[in-house]
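Here are the chains, one letter per residue:
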Amino acid sequence: MQPPIPVGTVLQNRYRVLSILGQGGFGRTYLAEDQGRFNERCALKEFIPPQGSDYTLNKSKELFQREAAILYQIHHPQIPQFRATFEENHRLFLVQDYVDGKTYRMLLNDRKVQGSGFSEAEIRSLIQNLLPVLAEIHGKGIIHRDIAPDNIILRRLDNMPVLIDFGVVKEIVTRFHQSLDSLETVSPTTVGKLGYAPSEQIQTGRAYPSSDLYALAVTAIVLLTGREPHELYDDHNLTWQWQQAAKVSPEFAAILNRMLSYRPGDRYASTAEVMQALQPLTDPATVIQASIPPIPAPSPVVSPPPRPAPATPAAPDVSHMQTIAIGRRPEPATSRTVSVPQHRRQTAPAVIRSSSETSIWDNPLAVLGIGLGLATVTGVAAWAIVSAVLNSSQPTPINSPTPTPIVSPTTTPTATPTATPSPIEYSQRLDLPETGELRVLQGHLKANETVVYVISAKQNQTFSAALEGEGVLLTVLAPDQKLAGERSDRVLAWQGVLPFTGDYAVRLSPVRGIAESDFKLNLSLQAAPEPSPSPSPSPSPSPTEPTIESSPLPLSLGEPLIVPGRADETVIKRYLVNVEPGQILSAAIVDGTAVTLNIRYPNGQLVENASMINNWQAQITEPGEYQIDVIAPQVTNFTLRILVKESPDQAGSGN
């Protein structure tokens, strides 16, 4: 590894290094002044590529630039803006905004010294402020992969949390380190902090939006309890035991526990679902107010005369006083006078005086008026009954306004997700030359989209398809709409000799759980070899069905075995390893360009997510002789490292 850049060094005649902010296995972060932007402070992230062949170095640079360009597209005030990338003295740098503040790891340490911790309200606020940030990056098909207290800064300027250190660039370095170094890791990719990253990210290297939500929940309970993940996680039952060490409401605990579910399908699928679940906890007044019907406005019939303008707001009280006077004998004038404000007594005396002088039944005109009123009411009621019989549709408009405001808000959220998954498929025919020339296609796919490329090919031609990146998978179909061959369904790459003539299809679709993703597809078609003049038809089928050379390997528990070998497109090197339940089996290609592994169960079936990989590890549940196949598209020397060891549970129990 190259030494750190001395303080005071100016890079690109622009960035002056002030200090080192941090250092890790993937590189260093410097605090610098941007002399091209009025000495504005910025962060320089140095990416240290692995030492190896020129191909490895150039490939790592290419991927670094591509992933940095993806991150540059993110524009969110709570994510440091990516400014530029450059190379100097064989070092790769990424420039982004500097965030002045403390990480939540620093804040937690400060709280521990003071003997205090984070409250439920503080953590709810943290989650609510970070969910829009995750929604932004997930909408672009980007997963952070490394959420932890160390990677969240409380910005001093506005006390808002800022998300830093995306794991995308780290993943690039990991891919190359794995092919060059001797691995003791537990997964195909080591991006993500142990304890914070979920099992699917650690074991298979794949991450989804729910993976970030899992890491965010782990961060929350660490801040709530002041304890580290290994102190809160029960390895035997695969559950989190944290509620005894934190004071939170049962409702908030239930939300965090769902985010912490072991299986991705049991968690919230998106940030929108978490926001909806938190809403009743964060704003209970809104919920209570929504359940109380609004107070109806006073009827204009009983409003006071329009001449005095200030009398309008007093209309409800005057109306009530008139009703009391008619319905029952009025109270003494003194009690009414005390209860009525001074500004309302101007219109009230006439009503009070007239009702107190004599009974209404002693006035013939009043009795006549009441009789006429009753007759009018009776006539109106009779007219309403007759109208209801003649036209039964009139009651409908009376009831319809009631359900409309109630049903509409509840049905709107459910209608949105149901409309999005409608599948969309695009099809395009391609003409590939038979010279083996590489054809590169780039595009963008959403979760509900599929693109199909149709290629006309002939029997015995060699066809290859390979994707760069992990957001999209491909499936190769033969003209009969069946799989073109083994390992051709939802893989990153496929190559084989075509069995017959016709239209072959390459179907691309995003990985489940990813909202959208860019893709880069490499296609090539090689003409069938010219028949040999000597009548020897036997060699022709050999490329189609490579031979398998099996070799059992005697392994000592806990001791890695290094196996050198040579493979090509005509031979599959198969190594047989006997493993007991509970033991951990790992296999990795230490050396060998373009060499991949297939891991099979003892019955010969492929292990899930163990096809066309160069590193694999898992805890065995089914005993027997596992098959490790080494595959190469051309003559290649390789070195394979295999290890069988006890699981931590077995080692701890003394088995």
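The rules behind the values
- Residues numbered from 1 in each chain as written.
- Predicted model: local features only at pLDDT ≥ 70, side-chain atom pairs only at ≥ 80, totals over all residues.
- Heavy atoms only, no water.
- Salt bridge = Lys/Arg side-chain N within 4 Å of Asp/Glu carboxyl O.
- Helix = DSSP H or I, 4+ residues; strand = E, 2+ residues; numbered from the N terminus.
- Buried < 20%, exposed > 50% of the residue type's maximum accessible area, 1.4 Å probe, protein only.
- Pairing = 2+ DSSP bridges.
- Axes fitted to C-alpha atoms, helices over the stretch in contact; angles between N-to-C directions.
- Parallel < 35°, antiparallel > 145°, perpendicular 65-115°, else oblique.
- Contact = heavy atoms within 4.5 Å.
- Nonpolar A, V, L, I, M, F, W, Y, C, P; charged D, E, K, R; others polar.
- Core = buried A, V, L, I, M, F, W, Y, C linked by side-chain atoms within 4.5 Å.
- 1 Å grid on protein atoms, 1.4 Å probe; cavity = no way out; pocket = protein on both sides within 12 Å on 5 of 7 lines; lining within 4 Å.
- Points joined across faces, edges and corners; volume = space filled by probe spheres on them.
- Polar contact = N/O pair within 3.5 Å; in protein donor to acceptor, adjacent residues only side chain to side chain.
- Phe/Tyr/Trp six-rings, centres within 6.5 Å; stacked < 30°, edge-to-face > 60°.
- Lys NZ or Arg CZ within 6 Å of the ring centre and 35° of its normal.

Participant: What is the right way to read the pattern of salt bridges from this model?
Facilitator: Side chains carrying opposite charge are able to pair once their charged atoms draw close together. Applying the stated criterion to the full structure yields 24 salt bridges. Taking the shortest distance from any N to any O, the salt bridge between glutamate 46 and arginine 28 comes out at 3.2 Å. Taken together, the positions of glutamate 46 in strand β4 (residues 40-47) and arginine 28 in strand β3 (residues 27-34) put the pair 18 residues apart, joining distant regions of the chain. For glutamate 46, a relative accessible area of 5% gives the class buried. The salt bridge involving aspartate 503 is made with arginine 429; its shortest N-O contact spans 3.0 Å. You can see aspartate 503 sitting in strand β18 (residues 502-510) and its partner arginine 429 sitting in strand β12 (residues 424-430), a full 74 residues away along the chain. Here arginine 429 falls in the partly exposed class, since its relative accessible area comes to 49%.

Participant: Whenever I open this one, the pairing of strand β27 (residues 636-645) confuses me. Can you help?
Facilitator: On a regular strand, each side chain points to the face opposite its neighbour's, so the side chains alternate between the two faces of the sheet. The buried fraction of β27 is high, at eight of ten residues. Of the strand pairs in this sheet, strand β23 (residues 584-591) and β27 are connected by seven bridges, and their pairing is antiparallel. Residue pairing in the sheet places alanine 588 in a bridge with arginine 641 of β27.

Participant: Would you mind going over the packing of helix α8 (residues 250-259) against helix α9 (residues 271-282) with me for this structure?
Facilitator: Relative placement of two packed helices is described by the angle separating their axes and the distance separating the axes. Following both chains from N to C, one finds α8 and α9 inclined at 170 degrees, their axes separated by 10 Å at the closest point. If you check the angle between α8 and α9, you find them roughly antiparallel. Only Glu273, Val274, Ala277, Leu278 and Leu281 of α9 make contact with α8, whose side of the interface consists of Glu251, Phe252, Ile255, Arg258 and Met259. Considering only residue class, the contact of α8 with α9 consists of seven nonpolar, no polar and three charged.

Participant: What should I look at first to understand the nonpolar core in this one?
Facilitator: A general trend in soluble globular proteins is that nonpolar side chains are found buried together. Formed by 54 residues in total, the largest nonpolar core has its most connected members in Ile127, Trp242, Phe252, Leu256 and Met259. Those elements that provide at least two residues to this core are α1 (54-72), β6 (91-97), α2 (104-114), α3 (120-139), α6 (209-225), α8 and α9. With sequence-adjacent residues up to four places away left out, phenylalanine 252 is seen in contact with Glu120, Ile123, Arg124, Ile127, Leu224, Leu278 and Leu281.

Participant: Help me understand empty space enclosed by the protein in this model?
Facilitator: The gaps left among the atoms become clear once a water-sized probe is rolled over them. Considering all chains together, one arrives at four cavities of 30 Å³ or more under this definition. Here the second largest cavity defines a volume of roughly 50 Å³. Looking at the second largest cavity, the residues that line it are Asp34, Arg37, Glu40, Arg41, Cys42, Arg83, Val95, Gln96 and Asp97. Looking at the lining of the second largest cavity, the elements that each hand over two or more residues are β4 and β6. Of the residues contributing to the lining of the second largest cavity, the split by class is two nonpolar, one polar and six charged.

Participant: Even after reading the chapter, I still don't get unusual backbone geometry, so can you show me in this structure?
Facilitator: A negative phi angle characterises most non-glycine residues, just as the trans form characterises most peptide bonds. The residue glutamine 12 is not glycine, and still its phi comes out positive at about 55 degrees. Residue classification places glutamine 12 among the partly exposed positions, given a relative accessible area of 39%. Even without being glycine, arginine 490 reaches a positive phi, approximately 50 degrees. For arginine 490, a relative accessible area of 26% corresponds to the partly exposed category.

Participant: Can you help me understand the environment of arginine 91 in this one?
Facilitator: Among the structural elements, arginine 91 can be located in strand β6. Taking the C-alpha atoms as reference points, arginine 91 and glutamine 2, 89 residues apart in sequence, are found 8.9 Å from one another. Excluding anything up to four places from it in sequence, arginine 91 contacts Gln2, Pro3, Pro4, Ile5, Arg28, Tyr30, Glu46 and Phe86. Only 3.0 Å separates the side chain of arginine 91 from the side chain of glutamate 46, close enough to count as a polar contact.

Participant: How do you make sense of the layout of surface pockets when you look at a structure like this?
Facilitator: If you add up the space inside the second largest pocket, you get close to 1600 Å³. In terms of lining residues, the second largest pocket is bounded by 39 residues, among which Ser199, Ile202, Gln203, Tyr262 and Gln619 are the most central. Elements with a minimum of two residues in the lining of the second largest pocket: α5 (199-204), α7 (229-232), β25 (615-619) and α17 (648-653). The element contributing the most residues to the lining of the second largest pocket is α5, with five residues.

Participant: I tried to follow the side chain of threonine 636 on my own but got confused; where do I start?
Facilitator: Relative to the helices and strands, threonine 636 is located in strand β27. Here threonine 636 falls in the buried class, since its relative accessible area comes to 9%. In terms of polar contacts, threonine 636 uses its side chain to reach the backbone carbonyl oxygen of glutamine 634, at 2.9 Å. Setting aside its immediate chain neighbours within four residues, threonine 636 contacts Gly565, Arg566, Ala567, Gly592, Thr593 and Val595.

Participant: Help me understand the sheet that holds strand β17 (residues 493-497), please; the structure alone is not making it clear to me.
Facilitator: Pairing between the strands of a sheet is mediated by backbone hydrogen bonds and can be parallel or antiparallel. Pairing is antiparallel across the open sheet formed by four strands, whose spatial order is β13-β19-β15-β17. Here the strands that pair on one side only, and so sit at the sheet edges, are β13 (439-446) and β17. Neighbour-to-neighbour, the strand axes of this sheet turn through a mean angle of 15 degrees, independent of strand direction.

Participant: Whenever I open this one, the packing of aromatic side chains confuses me. Can you help?
Facilitator: The relative placement of two aromatic rings is captured by the distance of their centres and the angle of their planes. Using the criterion set out here, one finds eight aromatic pairs in the structure. Among the aromatic side chains, those forming a connected cluster through ring pairs are Tyr15, Phe86 and Phe93. It is arginine 258 that lies over the ring of tyrosine 268; its NZ or CZ is 4.1 Å from the centre.

Participant: Any chance you could explain the side chain of serine 211 here in plain terms?
Facilitator: Assignment of secondary structure puts serine 211 in helix α6. The buried category is assigned to serine 211, whose relative accessible area is 1%. Beyond its immediate chain neighbours, meaning those up to four positions away, serine 211 contacts Pro198, Glu200, Gln201 and Arg267.

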